[in-house]
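# Report on the structure
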Amino acid sequence: MKGCPLSCLWCHNPESRMSHAEFVRMENRCMACGLCNQEELAGRGTRVLSDKDVESCPTGALQKAGLEIEPAALVKLLLRDRVFFDESGGGVTFSGGEPLLQMSFLTETLDLLRAEGVHTALDTCGYAPWRDLQKAAQRSSLVLYDLKLMDGVRHQAATGQSNRIILDNLKALSEIHAGIWIRVPVIPGINDDDGNMGAAARFLSSLAGIRQVVLLPYHHIGEPKFARMGKTYALAGLQAPTLQRLESRAAIFRARGLVTTIGGRP
Amino acid sequence: MSERTERLRQESLAAKPSITGERAEIITRFYQQNHDKYSIPVLRGMSFCAIVEQKELWLGERELIVGERGPRPKAVPTFPELTCHSVEDLRILDSRPLTQYKVDPLVIELYQREIIPYWKNRSMRYRMFAELPQEWINAYEAGCFTEFMEQRAPGHTVADGKLYRKGMLDFKADIAHAIAALDFERDPEALDKREELRGMALSCDAVMRWAQRYAELAESESKIASPARRQELLKIAEVCRRVPAHAPRNFHEALQYYWFCHLSVITELNGWDAFSPGHLDQHLWPFYEKELADGSLPREQARELLECFFIKFNNHTAPAKQGVTAAESGTQTDFANINLAGLLRDGSDGCNDLTHLLLEIIDEMHLLQPSSNMQVSRKTPDNVLKHALRVIRKGYGFPSLFNADAVVEEQLRQGKTLEDAREGGCSGCVEVGAFGKEAYILTGYFNLVKMLELSLHRGLDLRTRTQIGANTPDPAAFTSYDDLFAAFETQVRHVVDIKIRGNQLIERLYATRMPHTFLSVITDDCIARGKDYNAGGARYNNTFIQAVGIGSVSDSLSALKEIVFDKKELTLPTFIQILDSDFEGKEILRQRLVNKTHKYGNDDDFADEQMTRTFRMLFEAIDGRPNTKGGAYRLEMLPTTCHVYFGEVCLASPDGRHKGLPLSEGISPVQGVDRLGPTAVLKSAAKMDQVKTGGTLLNMKFSPSLLEGEAGIENLHSLVRSYFKLDGHHMQFNVVNAAKLREAQAKPEQNRDLIVRVAGYSDYFCDLSPALQEEIIQRTEQSSF
């Protein structure tokens, strides 16, 4: 879901930051046919792209990131995959951006899916009013909750926001929800130091309801997406963590009795 | 692998295919002396006896299972009575860069001197082309369809379990009984039946003689062999004295027995596909279980015997094909295919420990032949399917997976008994049959895109400048999409009629001139009916036509419907002109057709409706039409490599495909247009009522990283079970290697659908940055095999 209150440096879905639809250009696909007047746009910015440009783009190089859809219509679309949900025990995960920014849509869609017996999960950064998180979490069998930096100042620097609400929310959520997986991105030089990882592990182990931690290794997939949107990528040149480094980070959490996996794999 | 099988495997891989003139020479001399002395079935039986009596035997060092069709591994005999290669054909085989067969100058000399003069106006191929009408020849040359029996005999069948319960002497007793029961007073066919049965009895003698010669050879070689080898050779001799004359008593004899039957089927005639052991794990289980329990056959010894058996398949390269027939199936694989798991006759689960042992062997040996498949039923345990998926993950392309419950349902629809259907399965690529009881013959691929092309040109084929199709109305006069579809249907029916008229003639030529006496012995109910396998003797007789290009044609119809009839952006004549000039100067339109029209494979009802409508129309045009054997025509959706040849003969198509490029294959979407992931492909494919076919083929490609770990296996497992729950027939997985990723970098437009996994996250490979692509290629290389 589009729109995010944070702006993490390592963001791999920059197209989901803004709440409104945006135009995205895939340079590798563009055949320079001129139908969208990109040259003119690039030169002087005199013309604003429209849906018509996206429609007429023959190669699909020009795309619109963002789709407006009603809950009932979305659920109809999602249920096309019901056989796969049934066979795998899987379901629908709401992610983004930050789903909690669109509460009425989110709760309505979650309710419709649950009425159909579909497993639901909420993937959130936790930066939202407690009441909203509570409402959405109660409608989700699983909550994937991101924990990035324990130090408020560093959190502010890396994500653009303070972590106070995030930590408070997690503490409250852990008291009312049994299915929480904590997801910790491992961003070299930003949050992977012993100090931060140790503090996160300490905090998590103090919360009774939390057992599962997933470390998400930094990767470069966001980089070309920034370029496509004409934005600069702050972490250009950053190397992904080695497996050895990841294992030593995982050990910090495991030492606190937390069941920790890397990259979502056992 | 034991040291023995490792060595045998290396030798088999190193052997280069070659042509041997041995069989051609024996059969030609036999015919020269005997052709007018006997009835045709007896002549065939006797000629088979002559081959096995006179041929050179190969007994390789270290072999435990014996028998080669040629004088050495991968030496492929010719079948001049079916198709007589010209000197030029032989030179091409010897020099072509792909699927090459070495041809010794002495073979060419033999052909010039004896083979060609005798067979050039007598071979089946000669007779066929002399009889086939011009309309058939024109359509064939235009690339509307291919013809399987043009160079190879009707094959496509599989052994059932009765082989392991009866020896050739038992079959001969059945034959004698059938002859004794003939009613010469009231049955006008009694005399013909007696000749057929006599031919069958002769072929039993032939296979027993073949085994006897091996017993003699092994005994004589044992006298000069090392002590260890002496014991093995004496064991081989003992086995060959027992089988195939008698039913096998143990695991070793069972394997050797099957192998003699296999050799006999593929030596008497060159059926396409070779022959297959069917449910090998089920058939061998009683022997294995008993010997494992009494300690006479440890698991590792069973493994070694099975490995020796596998190598025998790999030694047998397909008979050499020429011209269009080589193009439609450009491979030296002879399509022997082993079925794993599946159901027992009583409907219970057919898995056992041999299912696992065979999977281990398939994994270890990864030979081109035999190919393997798993028949996955609702009852197949998850751990068995997951074992297969772990082998698949390694990227060999096998085992392929079939929906055993759908395979049963498909056969019930064709009127088979429930038990016969359960004992059946799949052979060749994806074909469904009742093993040991059915002649299910593929007759040729059918070019769907060419049919659409004909409907846009009033039946005229622009490439050959010949009127091939029906004279349907001028496209300028089509006022609706239905008018266009009606013309398409008319062309399909017109060309199917031409194809079937040709098929009937070819079937009768085989029925009367080229009985398959040995295959008739082991196929129910040929003995009881006194009829040959090629003449309707089998209990069930289905004739298949295999449609190619359903993805391409569905996308083309979707584009025409949207652009011409719904949005009216182009008139049909203008669109046709653009296609005829291969989109020259119209790249923007072509890009739009490729990227912005509805495509089959995305769970998009607009495109998928054109697919289901085309499928229903094809089904109506083909299914249930009578063949000459008391059976019926059936529809298959299978390409082998024919989608490449069919693409070559087609103009540009309305889906944006350039002239000459490949069509879509099987029921897979057009290469690169499925953009919504594997679940959407499966949803689209499952909209086809696949239970009404005799087989469909769906290819999917994954990067190894997508299937990593237990989670990868779990996901793939759910995907397979979901597709089969939706009545999908078959799926196979290409797990791509680094070379494939390089190709995707070079040709992104054809590989847009390639998904790769990036650190717990997946994306389309072609949309990744060059640097990231490099990273993934390196990772893939590291995890390649």
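Residues numbered from 1 in each chain as written. Chains lettered and ligands numbered in written order. Predicted model: local features only at pLDDT ≥ 70, side-chain atom pairs only at ≥ 80, totals over all residues. Heavy atoms only, no water.

Turning our attention to the overall build of chain A. Across its full length, chain A holds 11 helices and eight strands. Its C-alpha radius of gyration of 20 Å places chain A within 12% of the 18 Å reference for a compact globule of 266 residues. Reported as C-alpha extents along the three principal axes, the dimensions of chain A are approximately 60 × 45 × 35 Å. Counting only residues that meet the buried cut, chain A has 48% of its 266 residues in that class. Considering only contacts within chain A whose residues lie at least 6 apart along the sequence, 69% involve residues at least 24 apart. About 12,400 Å² of surface is accessible on chain A, with carbon and sulfur atoms providing 53% of the total. The average position of the 30 basic charges and that of the 28 acidic charges among the side chains of chain A differ by 3 Å. (Helix = DSSP H or I, 4+ residues; strand = E, 2+ residues; numbered from the N terminus. Rg over C-alpha atoms; globule rule 2.2 N^0.38 Å. Buried < 20%, exposed > 50% of the residue type's maximum accessible area, 1.4 Å probe, protein only. Contact = heavy atoms within 4.5 Å. Areas by Shrake-Rupley, 256 points an atom, 1.4 Å probe, with all protein chains shown as cover. Lys, Arg positive; Asp, Glu negative; His and termini not counted. Charge placed at Lys NZ, Arg CZ, Asp CG, Glu CD.)

With that out of the way, let us pick up the pattern of salt bridges. Residues and elements named next belong to chain B. Inspection of every chain in the model, using the stated rule, returns 83 salt bridges over all chains. For Glu 360, the salt bridge goes to Arg 299, with nearest N and O atoms at 3.1 Å. Of the two residues, Glu 360 sits in helix 15 (residues 353-365) while Arg 299 sits in helix 13 (residues 299-314), which places them 61 residues apart along the sequence. The residue Asp 603 makes a salt bridge to Lys 683 at a minimum N-O spacing of 3.3 Å. Of this pair, Asp 603 sits in the loop between helix 25 (587-596) and helix 26 (605-622) while Lys 683 sits in helix 28 (residues 678-686), placing them 80 residues apart in sequence. (Salt bridge = Lys/Arg side-chain N within 4 Å of Asp/Glu carboxyl O.)

Looking now at the environment of B:Pro515. All names here are of chain B. Along the polypeptide, Pro 515 turns up in the loop between helix 20 (481-513) and helix 21 (517-521). Sequence spacing of Pro 515 and Gly 45 is 470 residues, and the spatial spacing of their C-alpha atoms is 9.1 Å. Once residues within four sequence positions are removed from consideration, Pro 515 is found in contact with Ile 40, Pro 41, Arg 44, Glu 196, Glu 268, Leu 269, Tyr 510, Asp 532 and Asn 534.

Moving on: the domain arrangement of chain A. Domain annotation of chain A identifies domain 1 (22-65) and domain 2 (71-262). Taken over C-alpha atoms, the centre of domain 1 of chain A sits 33 Å from the centre of domain 2 of chain A. (Domains from an automatic or database assignment.)

Residue and element names in this part refer to chain B. For the structure on display, the rule yields nine cavities of 30 Å³ or more. Approximately 90 Å³ is the volume attributed to the largest cavity. Taken together, 13 residues form the lining of the largest cavity, with Met 149, Pro 154, Ile 441, Glu 507 and Lys 629 sitting closest to its centre. Counting residues per element, the ones that place at least two in the lining of the largest cavity are strand 10 (438-447) and helix 20. Per-element accounting of the lining of the largest cavity gives the leading share, four residues, to helix 20. (1 Å grid on protein atoms, 1.4 Å probe; cavity = no way out; pocket = protein on both sides within 12 Å on 5 of 7 lines; lining within 4 Å. Points joined across faces, edges and corners; volume = space filled by probe spheres on them.)

Residue and element names in this part refer to chain B. Take Asn 373: it is sitting in strand 6 (residues 371-376). A distance of 3.0 Å separates polar atoms of two side chains, one belonging to Asn 373 and the other to Gln 375. Setting aside its immediate chain neighbours within four residues, Asn 373 contacts Asn 337, Ile 338, Asn 339, Leu 340, Pro 399, Ser 400, Phe 402 and Cys 426. (Polar contact = N/O pair within 3.5 Å; in protein donor to acceptor, adjacent residues only side chain to side chain.)

All names here are of chain B. Along the polypeptide, Glu 562 turns up in helix 23 (residues 550-566). Using a relative accessible area of 6% as the deciding quantity, one classes Glu 562 as buried. Those residues in contact with Glu 562, other than ones at most four positions away along the chain, are Lys 567, Lys 568, Arg 592, Lys 596, Thr 597, His 598 and Phe 606.

Turning next to the nonpolar core. If you look at the biggest cluster of nonpolar residues, it comprises 210 residues, and the most contacted ones within it are B:Met168, B:Phe251, B:Leu306, B:Met374, B:Leu401 and B:Ile522. When near neighbours in sequence (up to four residues on either side) are disregarded, B:Leu306 contacts B:Phe251, B:Leu255, B:Leu280, B:Leu284, B:Leu354, B:Leu357, B:Leu358 and B:Ile361. A:Leu122, A:Ala128, A:Ile166 and A:Ile182 belong to the second largest nonpolar core, which has 43 residues in total. (Core = buried A, V, L, I, M, F, W, Y, C linked by side-chain atoms within 4.5 Å.)

The subject of this paragraph is the sheet that holds strand 5 (residues 142-146) of chain A. All names here are of chain A. Read from one edge of the open sheet, six strands run 3-4-5-6-7-8, paired in parallel fashion. A single partner strand is all that each edge strand has here, and the edge strands are strand 3 (91-94) and strand 8 (259-262). When the angles between neighbouring strand axes are averaged without regard to direction, this sheet yields 20°. Examined bridge by bridge, strand 4 (residues 119-124) and strand 5 share four bridges and lie parallel to one another. By the bridge assignment, Leu 122 is partnered in strand 5 with Val 143. Running at roughly 155° to strand 4, helix 6 (residues 130-138) makes contact with strand 4 and strand 5 of the sheet. (Pairing = 2+ DSSP bridges. Axes fitted to C-alpha atoms, helices over the stretch in contact; angles between N-to-C directions.)

Our next topic: the packing of helix 11 (residues 251-268) of chain B against helix 12 (residues 280-293) of chain B. Residues and elements named next belong to chain B. Where helix 11 contacts helix 12, the axes come no closer than 9 Å and their chain directions differ by 160°. Classed by the angle they form, the pair helix 11 and helix 12 counts as roughly antiparallel. Considering the relative orientation of helix 11 and helix 12, their crossing is left-handed. Together, Phe 251, Ala 254 and Leu 255 of helix 11 and Leu 284, Phe 287, Tyr 288 and Glu 291 of helix 12 make up the contact between the two elements. Of the residues belonging to the contact of helix 11 with helix 12, the class tally is six nonpolar, no polar and one charged. (Parallel < 35°, antiparallel > 145°, perpendicular 65-115°, else oblique. Left-handed = near helix turned anticlockwise from the far one by under 90°. Nonpolar A, V, L, I, M, F, W, Y, C, P; charged D, E, K, R; others polar.)

Next up on the list: unusual backbone geometry. All names here are of chain B. Look at the link from Val 243 to Pro 244: it is a cis peptide, with omega at 5°. Among the structural elements, Pro 244 can be located in the loop between helix 10 (227-242) and helix 11. In the segment running from Asp 524 into Asp 525, the intervening peptide bond is cis, with an omega of -5°. In this fold, Asp 525 is placed in the loop between helix 21 and helix 22 (526-529). A positive phi angle, near 55°, is found at Asp 582, a position not held by glycine. Mapped onto the elements, Asp 582 comes out in the loop between helix 24 (572-580) and helix 25. You can call Asp 582 partly exposed: its relative accessible area is 24%. Backbone geometry places Phe 583, a non-glycine residue, at a positive phi of 60°.

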